Structure formats: C-alpha cells, structure tokens
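Descriptive structure summary
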Amino acid sequence: MHRLLPWPRRPEPDGPTPARTDYSGAVYGSLLAASVIAATGSVGDFPRLETVVLLLVTGLVFWAAHVYARLTGERSAGRAISWAETRRVGAHEWSIVEAAVLPSIAVAVSPLLGLGLVATGWFALGIAVAQQVTWAYLGALHARASRREASIEAGVNLVLGLIIVAAKASLGH
C-alpha cells in the first residue's frame, strides 16, 4: 500500500496528472479477501492460523495469476518478456497481496479482543469490506473524480461487499 498513499494532496484540476490512479488491485484484493473469509468456517485444528494462511496464499496465487495474465496478454508479438517487465508488472499488481494483510491481522489479533471464531470471521469480513470501499473512494478522488463520483464508486463497492456479507450470512457461518 506504500505505492498508493500518501499523496501530498488532491491534485489541482489544471495541475499535473497523478503518477498512479489505479487502485484496482487494492479493491480487487479486498474483494478477494472478503470472499475467502466468507467461504471459510471455523473448522480445523487451528482455524485462525488456517484462515490467515488461506488469506495470504490466496492473495499470492491471484497476484501471480494477474502478473502472468498481464505479461502474456499485453505482450507484443515476437517480443520476449523481460525480467524488468516482470518486476514492473509484479510491483503494479502487488496491492492484491497487500489487501489480504489487514484482514489477516484482524484474524490474528481477534483472540486478544476476546472474539470467538464466528465473531472473528465477521470482524475480518468487516475489515475487508471497509478497506474495499475506502480504496474505491480514495482511488476515485486521486483520479480527480468529484466527491459525488467517488461516493458512487464507494457505494458500488459497498453493494459488492454486502453481497458477500449476505452470502456468508446465508451459509450460516
């Protein structure tokens, strides 16, 4: 997330274009983390540890899939993929993995907060959805969207997150 924030201030309309306005990896990674949390139940010998590992491994696997897809999908015909290009794309997509960190921390610290396994799942899911909405809002502002447009983007992401919340509730865990 270090590449995403901080920016000095919201750019002026007639000022230079920000270097990066692509928050899609952070939004996508948050949605992915929420989906993983919604699908996991309190099973296994070490459910919290298993959830943390599952969140981080899923983030890494999806990051690798995105890097591979971008490298092969955007490659010019007849041109080999360089290590420099691989590192650049890998760094660009890294926010997918970073988005799994806060929900993982939420799961890891939940015993210190006195949360049981069910409450831990809801707590981590709330963190994942909140960061998804936040990244969507901040990304829109950073791309010079109006506050209204940014709020609409945040609202769309909230609806997506609430669909996952509803799915978790319907699964009964």
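Anything mentioned here points back to the structure above.
The text that follows walks through the structure, step by step, so that each part is easy to find.

Cut-offs used in this document
- Residues numbered from 1 in each chain as written.
- Predicted model: local features only at pLDDT ≥ 70, side-chain atom pairs only at ≥ 80, totals over all residues.
- Heavy atoms only, no water.
- Helix = DSSP H or I, 4+ residues; strand = E, 2+ residues; numbered from the N terminus.
- Buried < 20%, exposed > 50% of the residue type's maximum accessible area, 1.4 Å probe, protein only.
- Contact = heavy atoms within 4.5 Å.
- Areas by Shrake-Rupley, 256 points an atom, 1.4 Å probe, with all protein chains shown as cover.
- Core = buried A, V, L, I, M, F, W, Y, C linked by side-chain atoms within 4.5 Å.

Here the focus is the overall build of the protein chain. A count of helices and strands for the protein chain gives seven helices and zero strands. Taking all 173 residues of the protein chain together, 37% fall into the buried category. At a minimum sequence separation of 6, the contacts of the protein chain that also span at least 24 residues come to 74%. When the accessible area of the protein chain is evaluated, it comes to approximately 9600 Å², of which 68% is carbon and sulfur surface.

Turning our attention to the nonpolar core. In this structure, Ala 34, Ile 37, Leu 55 and Leu 125 are the most contacted members of the largest nonpolar core, which totals 17 residues. Elements with a contribution of two residues or more to this core: helix H1 (24-39), helix H2 (47-73), helix H5 (101-109), helix H6 (117-142) and helix H7 (147-171). Apart from residues no more than four positions distant in its own chain, Ile 37 is found in contact with Leu 55, Pro 103, Gly 121, Ala 124, Leu 125, Ala 128 and Lys 168.

Further remarks concern unusual backbone geometry. Phi at Arg 144 takes a positive value of approximately 70°, unusual for a residue other than glycine. With respect to the secondary-structure elements, Arg 144 resides in the loop between H6 and H7. Exposure remark for Arg 144: the relative accessible area of 27% places this residue in the partly exposed category.

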